[in-house]
Amino acid sequence: MKLQRNGRSKALAIGAMALVGSLSLAACGSDENKTTDAGSTASAGASKSAIECGKAGQLLGAGSTAQGSAIDVWKVAYGAACSGSTITYSGGGSGAGVQQFNQGKVAFAGTDSALKPAEVDASKEVCKTGQGINLPMVAGLVSIIFNVDGVDSLVLDGPTIAKIFDSQITKWNDPAITALNPSAKLPDAEIQAIHRSDDSGTTENLTKYFEKTSGGAWSYKPSKTWAGKGGQSAAQSAGVSAQVKQTKNSISYAELAYAQTNNLKSAAIATGASKPVEATAANAATTFAKAKIAGTGSDLALTLDYATKDEGSYPLVLVTYEVVCDKGNKAETLDALKGFLNYGISDAGQQAIGAKGYVPLPAELAAKVKTAVAALA
């Protein structure tokens, strides 16, 4: 059911901009579970009042590496507030997470792409009395990261990015790139394009962007599995970021947190607005403010406008969903699941991950997630 009233869109816009105003973009990213530093410990302690603890227990999750840093913040805060409760989250990518959820191995899965009909059908075997639903919990943006000799800033557009990743453009001084960067000293060097080797929701979001903006240059269907020709590959967001950092004249795609952690430059995107749009959380918030709900009932899958031409609206955005059963969750983990998700979507939880390079969700959307979490059974 899509949002139909202008009032809702306006509320989304107000909520997003109010939240994003307090962002600090000192990002920290990792695909691995890790010990939290003193800063995160302090955040955990400060947020205890926002956490309602249920029955103690171990909660398992897996999937998207895009939300790895966010989960790290939330699980430390929840564990500190709720004695005897442990949250364990393994990455592996969105595809692996959904697969493990539908095999009954984890209580929730993180995915950067909403469940497909076949995946919802498969979830009914695990959820028994219900089915898997998408709850948007972590919002961010996909940076086009680059490491090019002598180039500090770069502007690209949909067709050019698509052609680069499909080996149709192979030199940095190609006329298509120089036309977008007339003052840059682009080298006569081969482009080292790097894509994800694992099934990735980030890849699917990038290819959805190509579908809407490449003018047919990207001939493949959007997918979690990479389909472009040529290039190198690396596993997970941390892997592609590390490879760009150590490879001259390279380009890839990763969430803003990983770009910041690795001190990598991000390209601005020419969208048709009056000037290219920088990859910032504030610009991504402008896009999220206009997101529409496409799911029905308690499913809150979103429709995102990858082809936006609005001023200051960054088009390559990404939302990570926590996939859970609407009904049929295991009794021994239901309390912990609801408590953990409630903290993550709370104002405190969203602000905590804002300091890690993510975009706090608009207030109206967060309220809908809270209602869905309360109804889990």
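Up top is the structure.
Given the structure is predicted, the values throughout are model-derived calculations rather than measurements.

Visitor: Can you break down the pattern of salt bridges residue by residue, with the values?
Guide: Applying the stated criterion across every chain, the model contains eight salt bridges. Between Lys124 and Asp121 there is a salt bridge, with the nearest N and O atoms lying 3.8 Å from each other. Residue Lys124 and its partner Asp121 are located together in helix α5 (residues 117–127), separated by three residues, close to a single helical turn. Since its relative accessible area comes to 38%, Lys124 is described here as partly exposed. Residue classification places Asp121 among the partly exposed residues on the basis of a relative accessible area of 48%. Between Arg196 and Asp198 there is a salt bridge, with the nearest N and O atoms lying 2.8 Å from each other. An identical accessibility class is assigned to Arg196 and Asp198; each is buried.

Visitor: A description of the state of the cysteines should follow, citing residues and the corresponding values.
Guide: Enumeration according to the criterion identifies two disulfides in this entry. Note that Cys53 is cross-linked by a disulfide to Cys82, the S-S spacing being 1.9 Å. Disulfide Cys53-Cys82: torsion about the S-S bond near -80°, hence left-handed. Here Cys53 is found in the loop between α2 (38–46) and β1 (58–63), whereas its partner Cys82 is found in the loop between α3 (68–81) and β2 (86–92), with 29 residues between them in sequence. The side chain of Cys127 participates in a disulfide bridge whose partner is Cys325; the two sulfur atoms lie 2.1 Å from each other. Measuring the twist about the S-S bond at about -80°, one finds the Cys127-Cys325 disulfide to be left-handed. You can see Cys127 sitting in helix α5 and its partner Cys325 sitting in strand β13 (residues 317–325), a full 198 residues away along the chain. Overall, the relative accessible area of 4% leaves Cys325 in the buried class. Bonded cysteines in the chain are paired 1-2, 3-4 when counted in the order they occur along the chain.

Each value, and the rule that gives it
- Residues numbered from 1 in each chain as written.
- Predicted model: local features only at pLDDT ≥ 70, side-chain atom pairs only at ≥ 80, totals over all residues.
- Heavy atoms only, no water.
- Salt bridge = Lys/Arg side-chain N within 4 Å of Asp/Glu carboxyl O.
- Helix = DSSP H or I, 4+ residues; strand = E, 2+ residues; numbered from the N terminus.
- Buried < 20%, exposed > 50% of the residue type's maximum accessible area, 1.4 Å probe, protein only.
- Disulfide = S-S within 2.5 Å.

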